[in-house]
Each structure stands twice: as C-alpha cells, then as structure tokens.
Amino acid sequence: VDKVNEVYAVENPSTYIKTFLNNKSVKKFTENRKDLYLELKLSPKIFKDSDVLDLGAGAGQNTIAISQMGAKCTLIEYDKASCLKSNKLFKKFSKNKYTIINKDIFKFKSKKKFDIVVNNGVSHHTQNSSQVLNIACSLVKKNGFIVYGVATETGMFQRNLMRYILFKITKNEKEIIEKSKILFKESLNRSVKFSGRTIEEVIADTFINPKFAPVKVKTIFKIFKK
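Figured I'd write up the structure that's included with this text. Keep in mind it's a predicted model, so treat the numbers as computed, not measured.

Here the focus is unusual backbone geometry. We note that Lys-41 has phi near 70°; this positive angle belongs to a residue other than glycine. Mapped onto the elements, Lys-41 comes out in the loop between helix H2 (23-39) and strand S1 (51-55).

What follows deals with the packing of helix H7 (residues 173-183) against helix H9 (residues 199-208). H9 packs onto H7 with a crossing angle of 110° between their chain directions and a minimal axis gap of 11 Å. The pairing of H7 with H9 is recorded here as roughly perpendicular in orientation. Relative to H9, H7 is oriented so that their crossing is right-handed. Counted together, Glu-173, Ile-176, Ile-177, Ser-180 and Lys-181 of H7 and Ile-199, Glu-200, Ile-203, Phe-207 and Ile-208 of H9 form the full contact between these two elements. Of the residues in the contact of H7 with H9, the class split is six nonpolar, one polar and three charged.

Among the secondary structure elements, Tyr-37 is positioned in helix H2. Counting along the chain gives 20 residues from Tyr-37 to Ala-57, while the straight-line C-alpha distance between them is 17 Å.

Taking burial as the measure, the 10 residues of H9 include eight buried ones, the bulk of the element. Here H9 has its buried residues at Glu-201, Val-202, Ile-203, Ala-204, Asp-205, Thr-206, Phe-207 and Ile-208.

What follows covers the packing of aromatic side chains. A complete count under the given rule lists three aromatic pairs for this structure. Centroid distance Tyr-37 to Phe-47: 4.9 Å. Interplanar angle 45°. Geometry classified as tilted. Residue Tyr-37 is located in helix H2, and its partner Phe-47 is located in the loop between H2 and S1; the two are separated by 10 residues in the primary sequence. Under the relative-accessibility criterion, Tyr-37 is labelled buried at 2%. Ring geometry for Phe-90 versus Tyr-98: centroids 5.1 Å apart, planes at 50°, classification tilted. On the accessibility criterion, Phe-90 (0% relative accessible area) is buried.

Calculation notes
- Residues numbered from 1 in each chain as written.
- Predicted model: local features only at pLDDT ≥ 70, side-chain atom pairs only at ≥ 80, totals over all residues.
- Heavy atoms only, no water.
- Helix = DSSP H or I, 4+ residues; strand = E, 2+ residues; numbered from the N terminus.
- Axes fitted to C-alpha atoms, helices over the stretch in contact; angles between N-to-C directions.
- Parallel < 35°, antiparallel > 145°, perpendicular 65-115°, else oblique.
- Left-handed = near helix turned anticlockwise from the far one by under 90°.
- Contact = heavy atoms within 4.5 Å.
- Nonpolar A, V, L, I, M, F, W, Y, C, P; charged D, E, K, R; others polar.
- Buried < 20%, exposed > 50% of the residue type's maximum accessible area, 1.4 Å probe, protein only.
- Phe/Tyr/Trp six-rings, centres within 6.5 Å; stacked < 30°, edge-to-face > 60°.

Written as structure tokens, this is what we have:
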C-alpha cells in the first residue's frame, strides 16, 4: 500500500479534476455520476437519506457526487493527503452529515451496517482484492447495495500484456514513461480523452503502479452468493 501511494503522491488519479473546488465542476461531475448509476439500474433516489460507506474513497470526488444525491457518507481512505483533500471538498459542498476516516480498509471495523457500500477502482491495488469485497459484504445491510468497481482478469488481459512488455524492456520509471508513449500511444490517448486525466496520470495508474491484481469474475459471483 505504501508503494502504491508513493506513485499516487506524484500523479494521483483521484485528484485529476484540477478545478474541482468550484460549484460548476462538482455539478457536472454529479450529473455524470447520476447517468452512470442509471446505466447500472440504480436510481439517484436510492441514495437519498441513505447511509453510504466508501471503502477507498481517494480524494472524495466520487463520494461527493453521492452526497449531492442526498446520502450521508462515511469515507475510508489510507492516504492522509487524500483525506485532507476530501475534507476540504466535503466541507464546501456536502449538504449532509459526513465522516472521513484515515485508515487502511483491512483495519477498518464497524458495528454499523450501511445501506450502500462503494468500492470503486481500489481493491485490485490492495494486498487482497477478493478480501475487500468480503469486507464490503460484511458491512452492507440486508437488501442493501454494493457498488463494486474492479479490474477483472479477462478485462485486463491487454493491460497486463502491456505491463509485461514494458517491464521486460525498461530499467526504470523514466523509460516506462518514454516507451509507453511510443508503443501504446493510441490506448493512452483514448484514456486521456474519456477519463479527463493527463497522460502522466494515466501512465502512473496503468503502468508504474506496482500493484495490479485483477479478480476472476467467478470469484466475484462466488463471494456474492456466499
């Protein structure tokens, strides 16, 4: 976790919206999130007056969108700098109660159960991807929801192949950055276009990140069934 956060301290994918501390940016991001949840068959009404737990909340931009939909949010985040940023964000834009806890997901304990548990784009960077989903399941209420955004083995085949090639032909981070821009220009440009991140942030998250352990889809279904 420390090594992952060393990478994110330089190029943090969770803080890619540079002008996020203004109302226009937050409003636009919230509308985009509403559209996403509608695609997932989750109406924004589900979040209203709900207790939401975000495991690995980063700098809070995904969670503030949920807060804007009327939820009371609890954010768990290992990185202290990200907690400070999310606190600034929530202090300015949250209309509901919120709690920000600077803690490792694996060490977080709570007797309280939540209506919705979110874990988005985090677990495949941890020591045990599957265990994060087990933790989410243990903290959600009966008939509650889990929003689980994770890299799967089949979906990440191409990315892992790219990583393998780069790790074989490079000696350091500088070479990874240089060669990835040459070899995988099309893929990187597509990521920049659709994510809103810089090319450096995409490279850091995709190739320099030392921990990338996608989960088998079969494992996800097995945990949910249990």
